[in-house]
Amino acid sequence: MPPKKKKDDKKGDTGEPGYKSDPIYEALEPKPSGALETTLWEIYNDILEEKFKGDAIEHLMAQAKAKGETFKPPKTVVPRRPKKVAHLQMMWRHLGISYTDIDCEEQLELSDARGDQTLSFAAFLEIYLKTQYNPDSIKRGLLAAFKKLDVHNRGYVTIHEFKYAMTNLKDRVDKAKVGFKKM
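Residues numbered from 1 in each chain as written. Predicted model: local features only at pLDDT ≥ 70, side-chain atom pairs only at ≥ 80, totals over all residues. Heavy atoms only, no water.

(A) Local environment of unusual backbone geometry. Non-glycine residue Asn 153 carries a positive phi angle of around 50°. Within the secondary structure, Asn 153 is located in the loop between helix 6 (135-149) and helix 7 (159-168). What makes Asn 153 exposed here is its relative accessible area of 69%. (Helix = DSSP H or I, 4+ residues; strand = E, 2+ residues; numbered from the N terminus. Buried < 20%, exposed > 50% of the residue type's maximum accessible area, 1.4 Å probe, protein only.)

(B) Spatial organisation of the pattern of salt bridges. One pass over the structure, following the stated rule, counts two salt bridges. Taking the shortest distance from any N to any O, the salt bridge between Glu 37 and Lys 20 comes out at 3.4 Å. Pair noted here: Glu 37 is in helix 2 (residues 34-67) and Lys 20 is in the segment before helix 1 (23-26), with a separation of 17 residues, a long-range link. Under the relative-accessibility criterion, Glu 37 is labelled buried at 4%. For Lys 20, a relative accessible area of 22% corresponds to the partly exposed category. Glu 161 serves as the salt-bridge partner of Arg 154, at 2.5 Å between the closest nitrogen and oxygen. For Arg 154, a relative accessible area of 34% puts it in the partly exposed group. A residue is classified by how much of its surface remains accessible, and Glu 161, at 18% relative accessible area, is buried. (Salt bridge = Lys/Arg side-chain N within 4 Å of Asp/Glu carboxyl O.)

So, to be careful, I would describe these as geometric facts and stop short of saying anything about function.
Pasting the structure below:
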């Protein structure tokens, strides 16, 4: 499912969101899942696009004031997306991830394929996939968790073993949520 269209989301000739025709996006391997891409797109739009537009309007207002002119807000604003550590850190915070300034600077340097010093959605997606998205490690993590539950090495876990693990191990889940009638 492609990300939802926003007013400022330019569509290409194919009807896809504009970032899908970006060479950075086209070069991404592996492509993220539709749900992940949609979620990241919405976060990017809600957080950074609004900030970038606000910054662009403030810049236009300052220019008009410096010239002694009255400011007329434009009908559409095409913001420059400066590549700043603070912007990338803001995105990571909304995803529940914490990186230092140095980490973010390194990530931004790695993603500057165009050399234009901007943080487009395709560039952010590239950083995300390089730093966070590794299907092999996800599979290994799930297998390791399953092996901890399968103490008898049978290749399966019974419902009772699963309920026991969910309610008695480190990160406990409320017994009512696991489906215990009485205990």
